[in-house]
Amino acid sequence: MKQYCYVIINNAGHSWPALTNSDAGAGGDPNTSILAQLLNEGWEPVRETPMGGGTSQLAHSLILLEKAAAKAKPGRAAKG
(Lines give C-alpha, C1' and ligand atoms only; values in the text may rest on other atoms or scores of the structure.)
Protein backbone atom coordinates (compact mmCIF):
# COMPACT_ATOMS: atom_id res chain seq x y z
CA MET A 1 0.00 0.00 0.00
CA LYS A 2 1.25 3.50 -0.78
CA GLN A 3 1.30 6.59 1.40
CA TYR A 4 0.35 10.01 0.05
CA CYS A 5 1.32 13.51 1.10
CA TYR A 6 0.44 16.97 -0.23
CA VAL A 7 3.03 19.76 -0.16
CA ILE A 8 2.53 23.43 -0.97
CA ILE A 9 5.46 25.22 -2.62
CA ASN A 10 5.87 28.85 -3.65
CA ASN A 11 8.07 30.60 -6.18
CA ALA A 12 10.31 31.88 -3.36
CA GLY A 13 11.41 28.28 -2.75
CA HIS A 14 9.56 27.67 0.53
CA SER A 15 7.51 24.50 0.91
CA TRP A 16 5.42 23.01 3.68
CA PRO A 17 3.07 20.05 4.14
CA ALA A 18 -0.64 20.62 3.65
CA LEU A 19 -2.12 19.82 7.05
CA THR A 20 -5.32 18.00 7.89
CA ASN A 21 -7.61 19.17 10.70
CA SER A 22 -5.96 16.70 13.08
CA ASP A 23 -2.49 18.07 12.16
CA ALA A 24 -3.44 21.74 12.50
CA GLY A 25 -2.07 22.02 16.04
CA ALA A 26 1.32 20.69 14.95
CA GLY A 27 2.46 24.08 13.65
CA GLY A 28 5.81 24.35 11.94
CA ASP A 29 8.21 26.97 10.66
CA PRO A 30 6.77 28.63 7.52
CA ASN A 31 10.29 29.59 6.38
CA THR A 32 11.51 26.01 6.09
CA SER A 33 11.48 23.93 2.92
CA ILE A 34 10.15 20.43 3.49
CA LEU A 35 10.05 19.30 -0.16
CA ALA A 36 13.78 18.52 -0.49
CA GLN A 37 13.69 16.53 2.76
CA LEU A 38 10.71 14.46 1.62
CA LEU A 39 12.33 13.74 -1.76
CA ASN A 40 15.49 12.58 0.05
CA GLU A 41 13.32 10.26 2.19
CA GLY A 42 12.03 8.50 -0.94
CA TRP A 43 8.83 10.41 -1.64
CA GLU A 44 8.14 10.81 -5.36
CA PRO A 45 6.09 13.55 -7.06
CA VAL A 46 2.96 12.25 -8.77
CA ARG A 47 1.05 15.36 -9.80
CA GLU A 48 1.17 19.11 -9.30
CA THR A 49 -1.05 22.10 -9.95
CA PRO A 50 0.14 25.05 -12.04
CA MET A 51 1.56 28.01 -10.13
CA GLY A 52 -1.10 30.59 -9.30
CA GLY A 53 -0.66 33.96 -7.66
CA GLY A 54 -3.87 35.84 -7.08
CA THR A 55 -3.10 39.33 -5.76
CA SER A 56 0.28 38.46 -4.22
CA GLN A 57 3.71 38.47 -5.85
CA LEU A 58 4.05 34.89 -4.61
CA ALA A 59 2.70 32.04 -6.71
CA HIS A 60 1.81 28.70 -5.12
CA SER A 61 1.53 25.13 -6.36
CA LEU A 62 0.14 22.00 -4.71
CA ILE A 63 2.23 18.84 -5.17
CA LEU A 64 1.03 15.29 -4.55
CA LEU A 65 3.78 12.93 -3.38
CA GLU A 66 3.65 9.17 -2.91
CA LYS A 67 5.84 6.64 -1.15
CA ALA A 68 5.64 2.89 -0.85
CA ALA A 69 4.60 1.95 2.67
CA ALA A 70 7.31 0.36 4.76
CA LYS A 71 6.92 -3.38 5.01
CA ALA A 72 6.15 -4.62 8.49
CA LYS A 73 8.88 -6.73 10.03
CA PRO A 74 7.75 -10.24 10.80
CA GLY A 75 7.14 -10.73 14.53
CA ARG A 76 8.93 -13.33 16.57
CA ALA A 77 7.05 -16.35 17.79
CA ALA A 78 6.18 -16.06 21.45
CA LYS A 79 7.98 -18.45 23.76
CA GLY A 80 5.67 -20.44 25.83
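Please read these numbers as outputs of a predicted model, since none were measured by experiment.

A word on the overall build of the chain
In step 1: Counting its regular elements, the chain contains 1 helix and 4 strands.
In step 2: Tracing the chain from N to C terminus, the helices and strands come up as β-β-α-β-β.
In step 3: The burial tally for the chain puts 19% of its 80 residues in the buried class.
In step 4: Restricting the contact set of the chain to residue pairs at least 6 apart, pairs at least 24 apart contribute 52%.
In step 5: For the chain, the accessible area works out to roughly 6,400 Å², and carbon and sulfur atoms hold 55% of it.

Let's talk about the pattern of salt bridges
In step 1: Tallied over the full model, the rule gives 1 salt bridge.
In step 2: In this structure, the salt-bridge partner of Lys2 is Glu66, at a minimum N-O distance of 3.2 Å. Of the two residues, Lys2 is situated in strand S1 (residues 2-10) and Glu66 in strand S4 (residues 60-68); the sequence distance between them amounts to 64 residues.

Brief notes about the side chain of Ser61
In step 1: Position of Ser61 relative to the elements: it lies in strand S4.
In step 2: The exposure class assigned to Ser61 is buried, which follows from its relative accessible area of 7%.
In step 3: At 2.4 Å, the side chain of Ser61 and the backbone oxygen of Thr49 are in polar contact.

Side note on the confidence of the model for the chain
In step 1: Across the chain, pLDDT averages 81, with 72% of residues at or above 70.
In step 2: When mean pLDDT is taken per element in the chain, strand S3 (residues 44-48) scores highest with 95 and strand S2 (residues 15-17) scores lowest with 91.

Topic: the pairing of S3
In step 1: For S3, a buried count of 0 out of 5 residues is recorded, marking the element as mostly open to its surroundings.
In step 2: In terms of strand pairing, S3 meets S4 through 4 bridges, oriented antiparallel. Looking at the pairing, Pro45 lines up with Leu65 of S4.

What to know about the pairing of S1
In step 1: Judged from the 9 bridges that link them, S1 and S4 form a sheet pairing that is antiparallel. By the bridge assignment for S4, Val7 is matched with Ile63.
In step 2: Bridge analysis of S1 against S2 gives 3 bridges, and the strand direction is antiparallel. Looking at the pairing, Val7 lines up with Pro17 of S2.

Re the side chain of Asn10
In step 1: The residue Asn10 is located in strand S1 in this model.
In step 2: Its relative accessible area of 6% is what places Asn10 among the buried residues.
In step 3: Among residues more than four places away in sequence, those in contact with Asn10 are Trp16, Met51, Leu58, Ala59 and His60.

Cut-off values and rules
Residues numbered from 1 in each chain as written. Predicted model: local features only at pLDDT ≥ 70, side-chain atom pairs only at ≥ 80, totals over all residues. Heavy atoms only, no water. Helix = DSSP H or I, 4+ residues; strand = E, 2+ residues; numbered from the N terminus. Buried < 20%, exposed > 50% of the residue type's maximum accessible area, 1.4 Å probe, protein only. Contact = heavy atoms within 4.5 Å. Areas by Shrake-Rupley, 256 points an atom, 1.4 Å probe, with all protein chains shown as cover. Salt bridge = Lys/Arg side-chain N within 4 Å of Asp/Glu carboxyl O. Polar contact = N/O pair within 3.5 Å; in protein donor to acceptor, adjacent residues only side chain to side chain. pLDDT = per-residue confidence, 0-100. Pairing = 2+ DSSP bridges.

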